[in-house]
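Topology and contacts: notes
Single-letter residue listing:
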Amino acid sequence: MSEARWSGGCLCGSCRYEFSGDPLHAGYCHCNMCKRATGGAFAILVQPPLAAFKWTKGKARSFSSSPIAIRAFCPDCGTPLFLQYDDDELIRVTVGSLDHPNQVVPRTHYGVESRLDWAEIGSDLPPEETRERF
Ligand SMILES: [Zn+2]
Ligand SMILES: [Zn+2]
């Protein structure tokens with residue numbers, strides 16, 4: 001088992017990752033693509049530098065989820081693991097896949113135009129609309 005502060009992986013254990021440093025940001029995303037990708041009401045994503053992220057076991061499979069981004073998931077169990085925009089030096093890791101998700105504090109709401117009426121969480125955080133629609 002790794003002792004890295006930031007580590008995580010998928011449900012079946014085939015894919016494991018670590019990243020170092022302090023992530024710059026974490027937030028909720030309410031966009032409809034994140035709903036589909038996670039099967040949930042919203043995604044919660046934490047943004048370490050791509051250069052700080054590495055696989056320690058297995059490797060996710062990725063697909064183009066929009067003209068400007070890929071999403072990655074475990075090829076064995078399907079756990080969503082990250083979203084990455086083209087040419088972005090940050091990677092957006094799913095907080096639910098972290099070993100210690102309680103270490104992350106979401107700071108913003110993105111994609112609020114698609115926020116579900118009953119998704120009442122972090123209501124004091126600043127909202128932002130997406131630039132990309134699904
Ligand atoms: Zn898996
Ligand atoms: Zn989203």
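Description of the structure in this document. In this text the structure is predicted, and so the values were computed from the model without any measurement.

1. Details of the overall build of the protein chain
Looking only at helices and strands, one finds one helix and 11 strands in the protein chain. Whereas a compact globule of 134 residues would reach a radius of gyration of roughly 14 Å, the protein chain reaches 14 Å, a difference of no more than 12%. For the protein chain, the spread of C-alpha atoms along the principal axes amounts to about 40 × 30 × 30 Å. Going through the 134 residues of the protein chain one by one, you find that 34% of them count as buried. Here the analysis covers contacts within the protein chain between residues at least 6 apart in sequence; of these, 55% occur between residues at least 24 apart.

2. Some points on the nonpolar core
Of all hydrophobic cores here, the largest spans 27 residues; its most connected members are Cys29, Ile44, Leu45 and Leu81. Those elements giving two or more residues to this core turn out to be strand S2 (16–19), strand S3 (26–29), helix H1 (32–38), strand S4 (43–46), strand S7 (69–73) and strand S8 (80–85). The contact partners of Ile44, leaving out residues within four places of it in the chain, are Ala26, Tyr28, Val95, Gly96 and Pro106.

3. Brief notes about the sheet that holds strand S11 (residues 127–128)
Reading across from one edge, S6-S7-S8-S9-S4-S3-S10-S11 is the order of the eight strands in this open sheet, with mixed pairing throughout. Sheet topology places strand S6 (61–66) and S11 at the edges, where each strand pairs with a single neighbour. With two bridges connecting them, S4 and strand S9 (residues 92–94) associate as antiparallel partners. If you follow Leu45 over to S9, its bridge partner there is Thr94.

4. Side note on the pairing of S8
Alignment of S7 against S8, held across five bridges, turns out to be antiparallel. Bridge pairing in S8 links Ile70 to Gln84. Between the antiparallel neighbours S7 and S8 lie six residues, among them Gly78 with a positive phi of about 85 degrees. Here S8 runs beside S9; their pairing, made up of two bridges, is antiparallel. Looking at S9, one finds that Phe82 is bridged to Val93. Counted along the chain from S8 to the antiparallel partner S9, the turn is six residues long, and its residue Asp87 has a positive phi close to 60 degrees.

5. Topic: the environment of Lys35
Among the structural elements, Lys35 can be located in helix H1. In this structure, the C-alpha to C-alpha distance between Lys35 and Ser114, residues 79 residues apart in sequence, is 9.5 Å. With residues near it in sequence (within four places) discarded, Lys35 still touches Gly40, Ala41 and Phe42.

6. Focus: unusual backbone geometry
In this structure, Asp87 takes a positive phi of about 60 degrees despite not being glycine. Among the residues examined, Asp87 registers 6 C-beta atoms within 10 Å and is labelled exposed.

Conventions we followed
Residues numbered from 1 in each chain as written. Chains lettered and ligands numbered in written order. Predicted model: local features only at pLDDT ≥ 70, side-chain atom pairs only at ≥ 80, totals over all residues. Helix = DSSP H or I, 4+ residues; strand = E, 2+ residues; numbered from the N terminus. Rg over C-alpha atoms; globule rule 2.2 N^0.38 Å. Buried ≥ 20, exposed ≤ 12 C-beta atoms within 10 Å, placed from the backbone. Contact = placed C-beta atoms within 7 Å. Core = buried A, V, L, I, M, F, W, Y, C linked by C-beta atoms within 7 Å. Pairing = 2+ DSSP bridges.

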